[in-house]
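# Understanding the architecture of this molecule
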Amino acid sequence: MPRLAGKAALVTGGTSGLGAETVRRFAAEGAGVAFTGRDGERGAAVERETGATFIAADVRSDADTDRAVSAAVERLGGLDVLVCNAGTGIVLPLAETPPGELTRILDVNVTGCLRYARACLPHLERRRGSIVHIASDAGVIGEDPIGAYSVSKAAVIMLGKMLAVDCGRRGVRSNVLCPGDIAPGMREMRAPGEPERPDDPSTWPVPPIGRVGEAADVAAAAVFLASDDAAFVNGAVILVDGGMRAAMRAGEESL
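Cut-offs and rules
- Residues numbered from 1 in each chain as written.
- Predicted model: local features only at pLDDT ≥ 70, side-chain atom pairs only at ≥ 80, totals over all residues.
- Heavy atoms only, no water.
- Axes fitted to C-alpha atoms, helices over the stretch in contact; angles between N-to-C directions.
- Helix = DSSP H or I, 4+ residues; strand = E, 2+ residues; numbered from the N terminus.
- Parallel < 35°, antiparallel > 145°, perpendicular 65-115°, else oblique.
- Left-handed = near helix turned anticlockwise from the far one by under 90°.
- Contact = heavy atoms within 4.5 Å.
- Nonpolar A, V, L, I, M, F, W, Y, C, P; charged D, E, K, R; others polar.
- Salt bridge = Lys/Arg side-chain N within 4 Å of Asp/Glu carboxyl O.
- Buried < 20%, exposed > 50% of the residue type's maximum accessible area, 1.4 Å probe, protein only.
- Pairing = 2+ DSSP bridges.
- Right-handed = clockwise from strand over helix to strand, strands pointing away.
- Expected span 1.5 Å × (residues − 1).
- Polar contact = N/O pair within 3.5 Å; in protein donor to acceptor, adjacent residues only side chain to side chain.
- 1 Å grid on protein atoms, 1.4 Å probe; cavity = no way out; pocket = protein on both sides within 12 Å on 5 of 7 lines; lining within 4 Å.
- Points joined across faces, edges and corners; volume = space filled by probe spheres on them.
- Core = buried A, V, L, I, M, F, W, Y, C linked by side-chain atoms within 4.5 Å.

## Some thoughts on the packing of helix H1 (residues 17-28) against helix H6 (residues 215-226)
Taken N-terminus to C-terminus, the directions of H1 and H6 make an angle of 55°; their axes are 8 Å apart at the nearest point. Comparing their axes, H6 and H1 come out oblique. Here H1 runs over H6; the crossing is right-handed. Seen from H1, the contacting residues are Gly17, Leu18, Glu21, Thr22, Arg25 and Phe26; seen from H6, they are Ala215, Ala216, Val218, Ala219, Ala220, Ala222, Val223 and Ala226. Grouping the constituent residues of the contact of H1 with H6 by class yields 10 nonpolar, 2 polar and 2 charged.

## Topic: the pattern of salt bridges
Applying the stated rule across the entire model yields 17 salt bridges. One salt bridge in this structure joins Asp107 and Arg115, with 2.9 Å as the shortest N-O distance. Residue class for Arg115 comes out buried when judged on its relative accessible area of 16%. Residue Glu125 pairs with Arg170 through a salt bridge whose shortest N-O separation is 2.8 Å. Of the two residues, Glu125 is situated in helix H4 (residues 99-126) and Arg170 in the loop between helix H5 (147-168) and strand S6 (173-179); the sequence distance between them amounts to 45 residues.

## Considerations on the pairing of strand S1 (residues 8-11)
With burial as the criterion, each face of S1 is covered, one bearing Ala8 and Leu10 and the other bearing Ala9 and Val11. Pairing geometry for S1 and strand S2 (residues 32-37), over 4 bridges, is parallel. Bridge pairing in S2 links Ala8 to Gly32. At this point the chain moves from S1, through H1, to the parallel S2, and the crossover so formed is right-handed. Relative to strand S4 (residues 81-84), S1 is paired through 3 bridges, and the arrangement is parallel. By the bridge assignment for S4, Leu10 is matched with Leu82.

## With respect to H1
With 12 residues, H1 ought to run about 16 Å at 1.5 Å a step, and its terminal C-alpha atoms sit 17 Å apart, in line with that. Within H1, burial applies to Gly17, Leu18, Gly19, Ala20, Thr22, Val23 and Phe26. Gly30, located one to two residues past H1, shows a positive phi value of around 95°.

## Digging into the side chain of Lys7
Mapping Lys7 onto the fold places it in the segment before S1. Polar contacts involving the side chain of Lys7 include one to the side chain of Asp228, which spans 3.0 Å. Sequence-distant contacts of Lys7, that is, excluding residues within four places in its chain, are made with Ala31, Gly32, Asp80, Val81, Ala226, Ser227 and Asp228.

## Focus: the layout of surface pockets
Considered as a void within the structure, the second largest pocket measures approximately 200 Å³ in volume. In this structure, the second largest pocket is lined by 16 residues; those nearest its centre are Arg128, Gly129, Gly171, Arg173 and Ala231. Tallied by class, residues from the lining of the second largest pocket come to 5 nonpolar, 6 polar and 5 charged.

## Focus on the nonpolar core
In this structure, Leu10, Val69, Leu82, Tyr116, Cys120, Leu124 and Ile131 are the most contacted members of the largest nonpolar core, which totals 32 residues. Contributions of two or more residues to this core are made by helix H3 (62-76), S4, H4, H5 and S6. Take this core: its biggest share by element is 9 residues, from H4. Aside from chain neighbours lying at most four places away, what touches Val69 is Leu10, Tyr116, Ala119, Cys120 and His123. Formed by 27 residues, the second largest nonpolar core is a distinct cluster that contains Ala9, Ala52, Phe54 and Val81.

Structural data, given as structure tokens:
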């Protein structure tokens, strides 16, 4: 039996990368799925492929958030799962990052999660649902080239824990996934002025598990956290990185 049969899920940032794969996997596991994003063309393509409902929305907008949640609940008949996946970043050391860029990144990565959690909570409470936040291994151990992103994802980890306390009292679980290097990766992680960054896993360090991670690995972990198998899992922070953050290697700063 599909692990999410009968459940209704809303995925933010579902038009590409981890988000799109999560939409695919949730739909394959029997969930009714709605997903948000700003790219209408990509959204329409994922919608055609999966049968999920695309809702054009920007996580930085309170009005868009309320509209998207209302549309998802109306379309799906309720809500069991929220996956906060929408994210952005910049390839730049933190000390060189303009404050306005940090504000933008925090608004998408951190405040966007809180916007959707607050808007979805009444609906999730009715079904004793759950929230899955997509953070990053960069939020566990910071990465120098992407300092602002690292700061934001560390905040997402703590946000997920605090919501586990606040929302847990209302019967809603909150957990955090921290992907490592995953292909395909985030479209909006690039240096200033750089075009969309292509993924080239052949140049990446190989995790101890023996291969580079795939978006499907993260989606599978999200399915577990959203399923009834994780009914007593609340406030967890799970690395999905093939063991990259498990230890230090001689001659390297970190894995």
